[in-house]
Amino acid sequence: MTAHRAPMACSELAGLLTAAAQSVSGILTTEYPTAVSRSYLHPVLGALSAGPRVVCELNDRFEDFVADAPLPTTPAGLFTLASYASALGWLTESLAELTTSVDQICTRVGIPTQPPEPASAAPPGNSADHASEFAFNAIELAAIRTAAEAAGLPPGDYVEVLSESLLAASRITDACMEISSGLLDDAAYVLGEATAHVRIGNGPDSLPTLVRSLLARMEAAE
């Protein structure tokens with residue numbers, strides 16, 4: 001015989017969303033040791049290492065949330081369910097995009113069939129070096145040359161893969177911040193049901209923040 005549980009209180013539902021928000025934001029503060037020869041991947045390795053663990057944790061909590069009878073049926077419970085599911089799906093998709101970006105960077109760098117020419121061997125006045133000198137001051141350019149030599153890449157190639165890495169890091173950062181912020185907004189809204197008798201589930205403005213964000217993205221893409 002299946003044991004039935006009482007519906008979760010609004011404070012518990014808000015706590016579920018708040019904990020999820022903290023887990024997602026924690027992805028952005030994770031550090032991962034980066035080999036000098038792979039310094040161009042440093043911007044993304046923290047998120048790449050922590051992201052899958054956070055997704056697994058959130059998925060386990062989500063399964064616990066819906067596993068026991070009865071399933072959420074109250075307005076607050078359904079609101080929480082929609083918010084949590086949206087966050088989990090959005091984070092999973094964002095991490096998949098991050099993984100693809102990192103794969104592309106690694107493919108571009110590759111394992112060379114022949115040792116690459118050291119950065120110091122590049123003839124003075126080459127186009128890649130000119131581009132670096134135009135974009136960076138002398139101290140920054142020296143640091144780039146040193147990092148590029150350690151990575152076995154020409155300075156211009158190093159700057160390009162580092163730029164791709166920074167762009168991928170920026171995208172996952174934006175996604176995690178928006179997901180975390182949306183979860184916190186929804187947690188506050190659910191908690192308001194218990195403290196201010198907010199009407200949940202009445203009209204589009206009461207949809208979870210992340211659901212509204214996803215709908216807005218879909219409309220913009222059409």
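Residues numbered from 1 in each chain as written. Predicted model: local features only at pLDDT ≥ 70, side-chain atom pairs only at ≥ 80, totals over all residues. Heavy atoms only, no water.

Colleague: Can you help me understand the overall build of the protein chain in this one?
Modeller: Counting its regular elements, the protein chain contains seven helices and zero strands. The 222 residues of the protein chain split such that 35% are buried. Of all intrachain contacts in the protein chain linking residues separated by at least 6 positions in sequence, the fraction that spans at least 24 positions is 76%. Of the roughly 12,600 Å² of accessible surface on the protein chain, a fraction of 60% belongs to carbon and sulfur atoms. (Helix = DSSP H or I, 4+ residues; strand = E, 2+ residues; numbered from the N terminus. Buried < 20%, exposed > 50% of the residue type's maximum accessible area, 1.4 Å probe, protein only. Contact = heavy atoms within 4.5 Å. Areas by Shrake-Rupley, 256 points an atom, 1.4 Å probe, with all protein chains shown as cover.)

Colleague: Got a minute to help me understand the confidence of the model for the protein chain in this structure?
Modeller: As a general rule, the predicted coordinates of low-pLDDT regions are not to be interpreted in detail. Per-residue confidence for the protein chain gives a mean pLDDT of 80; residues scoring 70 or more make up 77%. Highest mean pLDDT in the protein chain belongs to helix α1 (residues 10-26) (94); lowest belongs to helix α4 (residues 127-135) (42). Low pLDDT (under 50) marks residues 111-134, which in the prediction has 15 contacts with non-local residues, meaning those over four places away or in another chain. (pLDDT = per-residue confidence, 0-100.)

Colleague: Sorry if this is basic, but what is going on with the nonpolar core here?
Modeller: Nonpolar side chains tend toward joint burial in soluble globular proteins. Counting residues in each nonpolar core, the largest one holds 49 residues, and the members touching the most others are Y40, L58, L91, L98, Y158, I179 and L183. Every element with two or more residues in this core is listed here: α1, α2 (42-67), α3 (75-109), α5 (138-151) and α6 (155-196). Beyond its immediate sequence surroundings of up to four residues, I179 is in contact with V24, A87, W90, L91 and L210. (Core = buried A, V, L, I, M, F, W, Y, C linked by side-chain atoms within 4.5 Å.)

Colleague: Is there a simple way to explain the pattern of salt bridges in this structure?
Modeller: Opposite charge on two side chains allows them to pair when their charged atoms are near. Applying the stated rule across the entire model yields three salt bridges. In this structure, the salt-bridge partner of E57 is R53, at a minimum N-O distance of 3.3 Å. Placement of both E57 and R53 in helix α2 is noted, with a separation of four residues, approximately one turn of the helix. Under the relative-accessibility criterion, E57 is labelled partly exposed at 30%. (Salt bridge = Lys/Arg side-chain N within 4 Å of Asp/Glu carboxyl O.)

Colleague: For this particular structure, what's the right way to read the packing of aromatic side chains?
Modeller: The geometry of an aromatic ring pair comes down to the distance between the two centres and the angle between the two planes. Applying the stated criterion across every chain, the model contains three aromatic pairs. Plain terms: the ring middles of Y40 and Y158 are 6.1 Å apart, the flat faces sit at 80 degrees to each other, and that makes the pair edge-to-face. Placement of the pair is Y40 in the loop between α1 and α2 and Y158 in helix α6, with a sequence separation of 118 residues. The interplanar angle of 35 degrees and the centroid separation of 5.1 Å between the aromatic rings of F79 and Y189 together place this pair among those described as tilted. (Phe/Tyr/Trp six-rings, centres within 6.5 Å; stacked < 30°, edge-to-face > 60°.)

Colleague: Whenever I open this one, α5 confuses me. Can you help?
Modeller: Since there are 3.6 residues in each turn of an α-helix, residues three or four apart along the chain are aligned in direction. Between the first and last C-alpha of α5 there are 20 Å, a value that for 14 residues agrees with the 20 Å anticipated at 1.5 Å per step. Buried within α5 we find L141, I144, A147, A148 and A151. Down the axis of α5, the sector holding all buried residues measures 130 degrees, keeping them to one side. In α5, those exposed residues whose orientation departs by more than 90 degrees from the buried face are A138, I139 and T146. (Expected span 1.5 Å × (residues − 1). Arc of directions from axis to C-beta.)

Colleague: Explain the packing of α2 against α3 here, please?
Modeller: Packed helices, taken two at a time, are described by their axes: the angle between them and the distance between them. At a closest axis distance of 10 Å, the pairing of α2 and α3 adopts a crossing angle of 155 degrees. In this view, α2 runs roughly antiparallel relative to α3, as classed from their interaxial angle. Once α2 is placed against α3, the crossing between them reads as left-handed. Across the contact of α2 with α3, the residue classes tally to 18 nonpolar, six polar and one charged. (Axes fitted to C-alpha atoms, helices over the stretch in contact; angles between N-to-C directions. Parallel < 35°, antiparallel > 145°, perpendicular 65-115°, else oblique. Left-handed = near helix turned anticlockwise from the far one by under 90°. Nonpolar A, V, L, I, M, F, W, Y, C, P; charged D, E, K, R; others polar.)

Colleague: For this particular structure, what's the right way to read a nonpolar patch on the surface?
Modeller: A grouping of L207, L215 and M218 is seen on the molecular surface, where their side chains present a nonpolar patch of about 260 Å² in accessible area. In this structure, M218 sits in helix α7 (residues 209-221). (Patch = residues over 30% accessible without salt bridge, like charges linked within 9 Å, V, L, I, M, F, W, Y side chains within 5 Å.)

Colleague: Is there a simple way to explain α1 in this structure?
Modeller: With 17 residues, α1 should cover 24 Å at 1.5 Å per step; its first-to-last C-alpha distance of 24 Å lies within 8% of that length. For α1, the complete set of buried residues consists of C10, L13, A14, L16, L17, A20, A21, S23 and V24.

Colleague: Can you help me understand the side chain of S180 in this one?
Modeller: You can see S180 is positioned in helix α6. You can call S180 buried: its relative accessible area is 8%.

Colleague: What is the right way to look at the side chain of S83 in this model?
Modeller: Tracing the chain through its elements places S83 in helix α3. Under the relative-accessibility criterion, S83 is labelled buried at 0%. Sequence-distant contacts of S83, that is, excluding residues within four places in its chain, are made with L17, L183, D186, P208 and L210.

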